[in-house]
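Next come the chains, spelled out residue by residue.
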Amino acid sequence: MSTPTSPTIRGIARALRLPLALLLLMVVAATVATLIQPDERRQGRHLDPADTSAQGAKALAVLLAERGVTVHRVERVAEAAELATDDTTIVVTSSVRVGLEQLTTLAELPGDRVIVDPFPQDLPTLVPGVTVESGARPTSRLPGCSLPAATAAGTVFTGGVTFSAPEHGEGCYHADGEPTLVSIAEEGVRTVVLGDGEFMTNRRLAEDGNAALALNLLGARPNLIWLMPSPLDRPPPGEGGESFEDLIPAGVLWATLQLVIAVVFVALWRGRRLGPVVSEALPVVVRAAETVEGRGRLYRSRHAHDRAAAALRAGALGRITGRLGLNHDADPDAITQAIAVRTGRDPVQVAEVLHGPPPAGDAELVVLADQLDTVEREVRGS
Amino acid sequence: MALTGRTGLLALLGTIVVLFAPRPGLAVLVIEGLLLLAVVLDLCLAGSVRALRFTREGERLVRLGDSVTVDLIVANPGRRRVRGLLRDAWPPSAHPAPRLHPVDLPAGERRRVRTVLTPSRRGDREAVRVTVRSLGPLGLAARQGTHAVPWTVRVLPPFHSRRHLGAKLAKLRELQGSHPALIRGQGTEFDSLREYVIGDDIRSIDWRATARRSDVVVRTWRPERDRRVLIVLDTGRTSAARVGDIPRLDSAMDAALLLAALAARAGDRVDLLAYDRQVRTQVSGESRTTLLPALVNAMAPIEASLVEADAPGMTAAILARARRRCLLVLLTDLNPPALEEGLLTVLPELTARHLVLLAAVADPRIAELAAGRGGAEAVYDAASAERALADRQAITATLARRGVQVVDAPPETIAPALADAYLALKAAGRL
């Protein structure tokens, strides 16, 4: 008379066939899609000399190469340091990605420097004396200075931020009187700070004098080190030659893994129910007095003194007439008279309580209820 | 399958081993491998749950409030011992105890597992499933399986008003004239002639019969017998409302049972009909001895449904069942709008052929509210309660004018009040 209801292993396998097939299909589809897709990291990386998208700067790199400039695209400051000589130009397009220690290394490297859209906090290290003033809308601007590279190029699409130039420096492409390009020449080394590098991108290079300025700035030396800081460019190990992670014994990591496995086992132990959850259809719980209470609240919220008083009076009258042996719909005066005779109260007062005007407020209603009670009690007691 | 806490504990201890092992990676691999092996071994060596055979024995009926034992006999025809836990699952309102049973079943043997149910609700309670967790010898893992072993326990209405039955039967005996005090039977139907004994009422002497015999002969009366009583339970929405903590329907059932017990003793034929928009249950043609069991059995699974009762349909069902004149006891609520739109429209059809008695469970809470004083909130509630009471009185008066007798009493007294009303009708010979 008993029948097993648990699924057999074969049954489980059959039930899992379709979901497993779907899962496999999804994994395959995801793998193929990932393989087909081009490397996302390379796509649209701003001012990357290897990037051919509108954001990149491949066109500039090619032009430079045609003019005999060797372009070294590097991702680490250490690589840049290896290549840097007096005869190189270093371009930094996003200083924010360079770590603080490496920033110092970078600042100490020999050769010319072109810094595009610098992170304001990095400026004192990279180019002492230059600070960021305010923002400027990128647009075509006239050189307005005597820097040969700028005067030769003419109008250039510049903007981004404006700088305050030190006295020995020269500012060009002014926005609201502040330069967006600052060039400082010291001891044969030139450092150029640009508020925006948009003019060097593949999209803008052909406009105005953009190409000319870019070539003048970057092609001054035969070697160009284009620093595209990589997020993987970590600072070198600390003093002891070991990082924090190296100091943790390997056993701890593996023990953590073992702990996770133990937690999974405990979860499986606690999570397995002994049999199904039993549900039961329960009857609704409706209290019979709910409608009466609801009407009471409705009276209160609408301040229905008159209706409430009428109901209270009708109830009291019904009980009093019953006790007095009068007909329910007897003449009100007769009832009042009968009550006055029984209780010895003033008939006018009794009539006021039983048939008077409706109360004007909650307080009066409460008083009326008490008065009705008194009359009723007196009739009962007489 | 299921794991035990022991597996988790071993894995946890493994953490310490891994922490100090010279080659922790390998240690993790070895520990997991050993654990997996032990678990698989345990699963293979555990007794089969699928092979177990179950049968049930025990009671199928219980009064609400009482306990009932249901036995589960587990047979293990397999070759391995089954050791572990068994859960005999029942609906929550059946309150099974204990919830879990430890089992230890050697191969080829049977064991009895006893579950005590103390149901807290009327109706049928069906056994859900039996689940067994069979541990392996190492206690690391267990096989788990579920079996369906059907069994139904019917929870009958409690019939609390049984305690009033003695008093009401004494009253009935008084009516029948069989009271020890030799009071003249107050029934209205001529029963028999018998010899006068001292103490008999001299008014009951039958002079004509006395003249024919040498003895003084008295007439005895007995109450009318073999009348029909049809109890109609309204199972519509108004019966679902709770008075105190129990639905009106349950109080009505209690009253119906007392009335049925009394009427059966009085020699009347009692039938039952439960109706909302369809016939929910009916009992008819039961003999005096089988009537009460049949009634409680029929009433047990009925729950009030949240629909408006269909008065014309109910009338048709009543008229189809009660061809001869009978006492019609309607157990419903004195809900003015529901009655005005329902019963009152079809009442003439019923009163024309039958004697109609309407019994309603009043809510003592309303009287409590009506007496409330002391603040605006209480007084407004009191006014609302007065209004409800007035409505109830008005509908009672309307029904009385239409020839319907109304019994309106709170749940504690509805059963004796209804019995008294029945006895009064019987004494008056109105059945």
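The model shown is predicted, which means the values in this text are computed figures rather than measured ones.

## Description of the overall build of chain A
Link 1 in the chain: For chain A, the count of helices and strands is 14 helices and 11 strands.
Link 2 in the chain: Structurally, chain A occupies a C-alpha span of about 130 × 80 × 45 Å along its principal axes.
Link 3 in the chain: Counting across all 382 residues of chain A, residues that qualify as buried make up 38%.
Link 4 in the chain: Sequence-distant contacts, at least 24 apart, represent 62% of the contacts inside chain A between residues at least 6 apart.
Link 5 in the chain: Of the roughly 21,000 Å² that chain A leaves accessible, carbon and sulfur atoms contribute 58%.

## Observations concerning the sheet that holds strand β11 (residues 286-287) of chain A
Paired through backbone hydrogen bonds, the strands of a sheet run either parallel or antiparallel to each other.
Link 1 in the chain: Spatially, β11(A)-β16(B)-β17(B) is the arrangement adopted by the three strands of the open sheet, whose pairing is mixed. Edge positions in the open sheet fall to β11 of chain A together with β17 (246-247) of chain B, since each of these has one partner strand only.
Link 2 in the chain: Examined bridge by bridge, β11(A) and strand β16 (residues 241-243) of chain B share two bridges and lie parallel to one another. Bridged to A:Val286 within β16(B) is B:Ala241.

## Section: the environment of B:Arg79
Link 1 in the chain: Here B:Arg79 is to be found in the loop between β4 (68-75) and β5 (82-88).
Link 2 in the chain: When the C-alpha positions of B:Arg79 and B:Leu399 are compared, they lie 74 Å apart, and in sequence the two are 320 residues distant.

## Considering the nonpolar core
Residue and element names in this part refer to chain B.
Link 1 in the chain: Ile-231, Leu-233, Leu-327, Val-329, Leu-331, Leu-418 and Tyr-422 are the most contacted members of the largest nonpolar core, which has 56 residues in total.
Link 2 in the chain: Residue contributions to this core peak at 13 residues, all from helix α5 (residues 248-265).
Link 3 in the chain: Contacts of Leu-233, omitting those with residues within four sequence positions, involve Leu-249, Ala-252, Met-253, Leu-272, Leu-273, Ala-274, Tyr-275, Met-299 and Leu-331.

## Side note on unusual backbone geometry
Link 1 in the chain: In this structure, the amide linkage connecting B:Ala97 to the following residue, B:Pro98, adopts the cis form with an omega of -5°.
Link 2 in the chain: By secondary structure assignment, the location of B:Pro98 is in the loop between β6 (96-97) and β7 (100-105).
Link 3 in the chain: Phi at A:Tyr173 is positive, roughly 50°, even though this residue is not glycine.
Link 4 in the chain: Considering the arrangement of structural elements, one finds A:Tyr173 in strand β7 (residues 169-175).

## Points about the interface of chain B and chain A
Link 1 in the chain: With 72 residues of chain B at the interface, the matching set in chain A holds 59 residues.
Link 2 in the chain: Across the chain B to chain A interface the summed buried area is about 5,500 Å²; carbon plus sulfur atoms make up 62%.
Link 3 in the chain: Counting across the interface, chain B meets chain A through five salt bridges.
Link 4 in the chain: Among the salt bridges present, the one from A:Glu293 reaches B:Arg365, with a minimum N-O distance of 3.1 Å.
Link 5 in the chain: Linking chain B with chain A are 26 residue pairs in polar contact (both at pLDDT 80 or more).
Link 6 in the chain: Sort the elements by how many residues they give to the side of chain B that touches chain A and helix α11 (residues 376-401) of chain B lands first, with 13 residues.
Link 7 in the chain: Here the residues of the side of chain B that touches chain A are counted per class, giving 36 nonpolar, 16 polar and 20 charged.

## Concerning the domain arrangement of chain B
Residue and element names in this part refer to chain B.
Link 1 in the chain: Under the domain assignment, chain B is made up of domain 1 (1-156) and domain 2 (228-427).
Link 2 in the chain: Taking only C-alpha atoms, the centre of domain 1 and the centre of domain 2 are 49 Å apart.
Link 3 in the chain: Taken together, the contacts link nine residues of domain 1 with 10 residues of domain 2.
Link 4 in the chain: Summed over the three residues of domain 1 that lose the most area to domain 2, namely Arg-122, Arg-154 and Leu-156, the buried surface amounts to 75% of that side.
Link 5 in the chain: At the boundary of domain 1 with domain 2, the tally comes to two salt bridges.
Link 6 in the chain: Note that Arg-122 and Asp-250 form a salt bridge whose closest N and O atoms lie 2.8 Å from each other.
Link 7 in the chain: For the pair domain 1 and domain 2, the interface holds six residue pairs in polar contact (both at pLDDT 80 or more).
Link 8 in the chain: Put simply, the parts of the chain that give the side of domain 1 that touches domain 2 at least two residues each are β3 (61-63), β9 (123-126) and β12 (152-156).
Link 9 in the chain: The element best represented in the side of domain 1 that touches domain 2 is β12, accounting for three residues.
Link 10 in the chain: Across the side of domain 1 that touches domain 2, the residue classes break down as three nonpolar, one polar and five charged.

## Examining the pattern of salt bridges
Link 1 in the chain: Under the counting rule described, the total for this entry stands at 34 salt bridges over all chains.
Link 2 in the chain: Residue A:Glu198 pairs with A:Arg203 through a salt bridge whose shortest N-O separation is 3.2 Å.
Link 3 in the chain: Given a relative accessible area of 44%, A:Arg203 falls into the partly exposed group.
Link 4 in the chain: For the salt bridge of B:Arg392 with B:Asp333, the shortest nitrogen-to-oxygen distance reads 3.4 Å. Separated by 59 residues along the polypeptide, B:Arg392 in helix α11 and B:Asp333 in the loop between β20 (327-332) and α8 (336-341) bring together distant segments of the chain.
Link 5 in the chain: Judged by its relative accessible area of 13%, B:Arg392 falls in the buried class.
Link 6 in the chain: Overlapping salt bridges bring together A:Glu198, A:Arg203, A:Arg204 and A:Glu207 as one network.

## Topic: the state of the cysteines
All names here are of chain A.
Link 1 in the chain: Under the defined criterion, the tally for this structure stands at one disulfide over all chains.
Link 2 in the chain: Through a disulfide, Cys-145 is tied to Cys-172; the S-S separation comes to 1.9 Å. Of note, the bridge from Cys-145 to Cys-172 carries an S-S torsion of about 95° and is right-handed in sense. Linking Cys-145 in the loop between β5 (131-141) and α6 (148-153) with Cys-172 in strand β7, this pair joins segments that are 27 residues apart in sequence. In terms of burial, Cys-145 and Cys-172 fall into one category: buried.

## A short note on the side chain of B:Lys168
Link 1 in the chain: Structurally, the position occupied by B:Lys168 is in helix α3 (residues 165-176).
Link 2 in the chain: Excluding residues that lie within four positions of it along the chain, B:Lys168 makes contacts with B:Leu262, B:Pro416, B:Ala419, B:Asp420 and B:Leu423.

## Here's the deal with the domain arrangement of chain A
Link 1 in the chain: Along its sequence, chain A is organised into domain 1 (7-37), domain 2 (58-227) and domain 3 (297-381).
Link 2 in the chain: Using C-alpha coordinates to define each centre, domain 2 of chain A is positioned 99 Å away from domain 3 of chain A.

## A word on the packing of aromatic side chains
Here the distance between the centres and the angle between the planes together describe a pair of aromatic rings.
Link 1 in the chain: Summed over all chains, the structure comprises zero aromatic pairs over all chains.
Link 2 in the chain: The ring of A:Trp269 has A:Arg270 sitting right over it, with the charged end atom 4.8 Å from the ring centre.
Link 3 in the chain: Directly above the ring of B:Trp151 sits B:Arg60, whose terminal nitrogen or CZ lies 3.8 Å from the centroid.

Here is what the cut-offs are and how they apply
Residues numbered from 1 in each chain as written. Chains lettered and ligands numbered in written order. Predicted model: local features only at pLDDT ≥ 70, side-chain atom pairs only at ≥ 80, totals over all residues. Heavy atoms only, no water. Helix = DSSP H or I, 4+ residues; strand = E, 2+ residues; numbered from the N terminus. Buried < 20%, exposed > 50% of the residue type's maximum accessible area, 1.4 Å probe, protein only. Contact = heavy atoms within 4.5 Å. Areas by Shrake-Rupley, 256 points an atom, 1.4 Å probe, with all protein chains shown as cover. Pairing = 2+ DSSP bridges. Core = buried A, V, L, I, M, F, W, Y, C linked by side-chain atoms within 4.5 Å. Buried area = accessible area lost by both parts, 1.4 Å probe. Salt bridge = Lys/Arg side-chain N within 4 Å of Asp/Glu carboxyl O. Polar contact = N/O pair within 3.5 Å; in protein donor to acceptor, adjacent residues only side chain to side chain. Nonpolar A, V, L, I, M, F, W, Y, C, P; charged D, E, K, R; others polar. Domains from an automatic or database assignment. Disulfide = S-S within 2.5 Å. Phe/Tyr/Trp six-rings, centres within 6.5 Å; stacked < 30°, edge-to-face > 60°. Lys NZ or Arg CZ within 6 Å of the ring centre and 35° of its normal.

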